[in-house]
Each structure stands twice: as structure tokens, then as C-alpha cells.
Amino acid sequence: MPTVGIVISNYNGWQDTVQCLQSLQKQTFTDFEIILLDDASTNDSVAQLGAHLPQNTVFLPQSQNLGFAAANNVGIRRALADGCDWVLLLNNDTVAAPDFLQNLLANTPAGAVSCPKMLFLDPPDEIWFAGGALDRATGKVKHLGGHQKDGPAFSQPKQVSFITFCCVLLPRAVIERVGFLDETLFMYCEDVDYCLRLADAGVPLWF
């Protein structure tokens, strides 16, 4: 049984997804499976992805467009059914550094949900996300470090109140306790809702 199930949802973006899949094959931590969803793309994504699947990939093309939350829930359920201890939700338009999964697992406190630092692809030294802040009263979120140059100030682990689900590591026990993504949120804000539920459950969030 793989330790980590990496869930990726594609919709009409097979070119980005192939790059993402290729980067995952270079990981220093290799005890994972990829659960790739195609959310009823209207282009040739299913055929293209089928021709570029790594061996450790479960491919689940959907017959109708479910939306981000529901599609990811399909992947999460498959990862849990396959016995994974962790589920990593990863956007298809990302490229992972070779040591990212190894470092994320090694530095995530027990019982916590976590995320890595995320940089723009261009320019690659500019921060897209270095943890986040969530205003519970308004539901508004802020990306910490956004558009700043990367450096030591953004290389220290810290507890945060918001994690974008562009890339989030969820322990199996937390999913079993807090549940799945809210499928009434077709796209966007599912991460805000889930971070509020994590806070209510006393689950710490770490960058």
C-alpha cells in the first residue's frame, strides 16, 4: 500500500498536467501513487493523458463535470480505499521540486495539515504562497509573502490560519475526522471552508 495518494484533477489542461506528472516521477520520496482525475474535459485531455501516464498512476476520467471539490473527493476516497496514510491534493498546473514530498512529510508535525512554499514558474524566485491568513469574521484570505522575492524570511516553518488547496497534505486521520470537501462549492472557497472546519476540530495548519 502506498504511503501517500497524490490527487490531481485535470480539466482541459493536459499540457500542464503532463509537466506536473513528469516532475512527480523525479521525487526522492517514492512511496506514493498518483490518482489522476479528468473532470470531463471538452478537449483531447483524456487521450493525451492516457498516452503519458506514469506507472504509479490510477486514471479516473469522469463522464460529467463534477467541479473541483467533488472531483477531488473522488480521488480522496480512492486514496483512502487504497490504504494511503496521507492524501496530497495538488493542482495540475504545478511543477514539484524533487525533494518537496520528502521534506513536506519530514517537517509536518504529527496530526497537522501542511503545505509547502509555492513559487511562480516565472519568475521562479517570486513567492506565490508562503502560508496564509484567514479572517474568520469575513471569510477573506491573504497569501503571505505574495509577489515578494524568495529568501530566508520565507524558509521557516510556522503555524498559519489558511492553506490554499493548490497543494495541501492531509493525514488520513484528519480526513476521517473532518470529512471531505464541501461539494456544494463547485469551484473556489472549498479550501476556506475546510480550513474553518479544521480550526473548529482543533487541527493545526502548518506552512
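First, a word on what this report is: a plain description of the structure on this page. Nothing here was measured: the structure is a model prediction, and the numbers come from that model.

Brief notes about the environment of V203
As for its position among the elements, V203 is in the loop between helix 6 (190–200) and strand 12 (205–206). Expressed as a C-alpha distance, the spacing of V203 and N43, which sit 160 residues apart in the sequence, is 40 Å. Discounting chain neighbours no more than four positions away, the residues touching V203 are G111, A112, V113, V174, R177, V178 and L198.

Brief notes about the nonpolar core
Within soluble globular proteins, side chains that are nonpolar tend to cluster in buried spots. If you look at the biggest cluster of nonpolar residues, it comprises 62 residues, and the most contacted ones within it are I6, I8, L24, L88 and L89. Among all residues touching L88, those that are not within four sequence positions of it are V4, G5, I6, V7, F100, L104, C167, V168 and L169.

Considering unusual backbone geometry
Residue P123 is bonded to the preceding D122 through a cis peptide linkage, with omega at 0°. The topology assignment puts P123 in the loop between strand 6 (118–119) and strand 7 (127–129). One non-glycine residue, N12, adopts positive backbone phi at about 60°. Mapped onto the elements of the fold, N12 is located in the loop between strand 1 (4–10) and helix 1 (14–24). Notably, A40 is not glycine yet its phi reads approximately 55°, a positive angle. Classification of A40 by relative accessible area gives buried; the value is 19%.

Considering the pattern of salt bridges
By the definition in use, this model includes seven salt bridges. Its salt-bridge partner being D125, residue K149 comes within 3.3 Å of it at the nearest N-O pair. Taken as a pair, K149 in the loop between strand 9 (141–143) and strand 10 (159–160) and D125 in the loop between strand 6 and strand 7 lie far apart in primary sequence, 24 residues in all. D193 is paired through a salt bridge with R197; the nearest N and O atoms lie 3.0 Å apart. A residue pair is termed a helical-turn pair when its members lie 3 or 4 positions apart in one helix, as D193 and R197 do in helix 6 at four residues. Taking relative accessible area as the criterion, R197 reaches 23% and is therefore assigned partly exposed.

Remarks on the packing of aromatic side chains
One pass over the structure, following the stated rule, counts three aromatic pairs. Joined through ring pairs, the aromatic side chains of W128, F129 and F162 make up one cluster.

Let's talk about the pairing of strand 11 (residues 167–171)
Among the five residues of strand 11, five are classified as buried, and the element is accordingly described as predominantly covered. Going residue by residue along strand 11, you find C167, L169 and P171 tucked away on one face and V168 and L170 tucked away on the opposite face as well. In the sheet, strand 4 (residues 86–90) pairs with strand 11 via five bridges, with the strands oriented antiparallel. Each residue of the ladder has a partner; that of V87, found in strand 11, is L170.

Conventions adopted
Residues numbered from 1 in each chain as written. Predicted model: local features only at pLDDT ≥ 70, side-chain atom pairs only at ≥ 80, totals over all residues. Heavy atoms only, no water. Helix = DSSP H or I, 4+ residues; strand = E, 2+ residues; numbered from the N terminus. Contact = heavy atoms within 4.5 Å. Core = buried A, V, L, I, M, F, W, Y, C linked by side-chain atoms within 4.5 Å. Buried < 20%, exposed > 50% of the residue type's maximum accessible area, 1.4 Å probe, protein only. Salt bridge = Lys/Arg side-chain N within 4 Å of Asp/Glu carboxyl O. Phe/Tyr/Trp six-rings, centres within 6.5 Å; stacked < 30°, edge-to-face > 60°. Pairing = 2+ DSSP bridges.

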